[in-house]
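Each chain, written out:
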Amino acid sequence: MRQQEINYWITAMLNKHPRVSDLNLTVGKPLQVESDGVLVPVDVEPPVQKLSPFQTEVFALNLINGNQRLLQDLVTKGSCDLSYSLEDKVRFRVNIFSQKGMYSCVLRKLETAIPSFKTYQFPDAFPKMAEEVNGLILFTGATGTGKTTSMAAILNSINENRDVHIVTLEDPIEYVHPHKRATFNQREMGDDFDTFANGLRAALRQAPKVILVGEIRDRETIEIALTAAETGHLVFSTLHTIDTGQTINRILGMFEHNEQPQIRHRLADTLRWVVSQRLLPQVGGGRVAAMEVMCSSLRVRDLILNGETEERTFYNVVKEGVTLNMRTFDQHLTELFHDGLISEKTALSYASHRSEVKRGLDTIKAARGERTSSIEGLALEGEEEDGWL
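The model shown is predicted, which means the values in this text are computed figures rather than measured ones.

All right, on to the overall build of the protein then. Along the backbone of the protein there are 14 helices and 15 strands. Taken along its principal axes, the extent of the C-alpha atoms in the protein is 85 × 60 × 40 Å. Going through the 389 residues of the protein one by one, you find that 49% of them count as buried. Put simply, of all contacts in the protein between residues at least 6 apart along the chain, 56% involve residues at least 24 apart. Total accessible area on the protein is roughly 19,600 Å²; 49% of this is exposed by carbon and sulfur atoms. Where the 43 positive side-chain charges of the protein centre and where its 52 negative ones centre are 4 Å apart.

This is the structure in structure tokens:
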């Protein structure tokens, strides 16, 4: 298999369906793409009914292109991350990994257009994040939920409005930011630095005002990020947590019990915003982001310092913080249903508290004159359809 054939496969996979987000090559399956969150097969000529171990291995080695560091990672760690460009038209974030002695490849399509507040329906909190001058801002959620896109939109706003030095540490670089008012230095793991902790430590000597750390993976990285936020930097990063409350608990869980009081104080002083994201199927096709937003407030600081109780939880504080641009997933799900962007089934499937969302949906349906229950034929004992016996 030659490079031209690899690019032909990639092109065919991209053209097969609209809104392709990922390309998937797995032994024993045909070529597949993920479109609107669903894997679908792709036909090519000559046909590929089931990929062989040889085909996926040759595909992977062509993407690696002799890079010794990537080959070493693949052999010793079982996977490697890289970026790949198709004739400078489309860029991908690639993960190659071994499974049962064979190789699989997943290519995430990267958007080339820099997102802005105008082109996406971001929450009102996002412009406020772009105005922060120091502190820690975290975006959380599963892989592929749009965290990078959200941060890119905020960095783009800073780029357009502030004369500052921005350093990003990414794995790999996704959005390529041009120099506008800000000066951008984007560094890629593996090529420009070895670990996020080391890259972040070096960034503190590079005189930035804004730092983006692709992901917080360990306590060393969060410690340096807190130090950077404490010393006047604005730090953006991501975590794989499901909501804002769990984000705080995950960070605390990286430290020993006797270290947590100090970390609670540092976190309470530096944390500015936490945004958690989930991607939902949209009515009519495509996907839409649901976001939970928490900002620093007296009540949030108190919970960070003293912990949650049965009555006092991050969920309740976020729920009651609408005037501060906070909102829970459940509140946003109800809003998306009201706007006709998601179905009732989707809203309930992705809810944090299903009964609470159900009440909100019923209120909306009642206002529309729709039925709020599918239960029919209810009758009291001794009651018939025509009246009382």
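From this point, things continue past the structure.
Turning our eyes to something else, we now look at the packing of aromatic side chains. Aromatic ring pairs are defined here through the distance separating the ring centres and the angle between the ring planes. In this structure the tally under the stated criterion is seven aromatic pairs. Seen from their ring centres, F117 and F122 are 6.3 Å apart, and the 80° between their planes marks the pair as edge-to-face. You can call F117 partly exposed: its relative accessible area is 24%. When its relative accessible area of 15% is taken as the criterion, F122 is described as buried. Geometrically, the ring pair formed by F126 and F139 is edge-to-face, given 5.8 Å between the ring centres and 85° between the ring planes.

By the assigned domains, the protein splits into domain 1 (3-110) and domain 2 (124-327). Put simply, the middle of domain 1 and the middle of domain 2, counted by C-alpha atoms, are 30 Å apart. On the side of domain 2, 14 residues touch domain 1, which itself brings 13 residues to the contact. Regarding the contact of domain 1 and domain 2, the summed buried area is about 1,000 Å², with carbon and sulfur atoms giving 45% of it. The interface formed by domain 1 and domain 2 holds two salt bridges in total. In this structure, the salt-bridge partner of R93 is E174, at a minimum N-O distance of 2.4 Å. At the junction of domain 1 with domain 2, the criterion picks out six residue pairs in polar contact (both at pLDDT 80 or more).

Okay, the environment of I211 next. With respect to the element layout, I211 can be found in strand 10 (residues 210-213). Sequence separation of I211 and C80 is 131 residues, and the distance between their C-alpha atoms is 25 Å. Setting aside chain neighbours within four positions, we find I211 in contact with V167, L200, A203, L204, A228, H233, L234, V235 and F236.

The biggest cluster of nonpolar side chains holds 64 residues, and the ones touching the most others in it are M129, L136, F139, I158, F236, L271 and M294. With six residues, the top contributor of residues to this core is helix 7 (residues 219-230). In contact with F139, not counting residues within four places along its chain, are F126, M129, K147, S150, M151, I154, F236, S237, T238, L239, V275 and Q277. With 32 residues, the next largest nonpolar core counts M13, Y84, F92 and V94 among its residues.

Rules behind the numbers
Residues numbered from 1 in each chain as written. Predicted model: local features only at pLDDT ≥ 70, side-chain atom pairs only at ≥ 80, totals over all residues. Heavy atoms only, no water. Helix = DSSP H or I, 4+ residues; strand = E, 2+ residues; numbered from the N terminus. Buried < 20%, exposed > 50% of the residue type's maximum accessible area, 1.4 Å probe, protein only. Contact = heavy atoms within 4.5 Å. Areas by Shrake-Rupley, 256 points an atom, 1.4 Å probe, with all protein chains shown as cover. Lys, Arg positive; Asp, Glu negative; His and termini not counted. Charge placed at Lys NZ, Arg CZ, Asp CG, Glu CD. Phe/Tyr/Trp six-rings, centres within 6.5 Å; stacked < 30°, edge-to-face > 60°. Domains from an automatic or database assignment. Buried area = accessible area lost by both parts, 1.4 Å probe. Salt bridge = Lys/Arg side-chain N within 4 Å of Asp/Glu carboxyl O. Polar contact = N/O pair within 3.5 Å; in protein donor to acceptor, adjacent residues only side chain to side chain. Core = buried A, V, L, I, M, F, W, Y, C linked by side-chain atoms within 4.5 Å.

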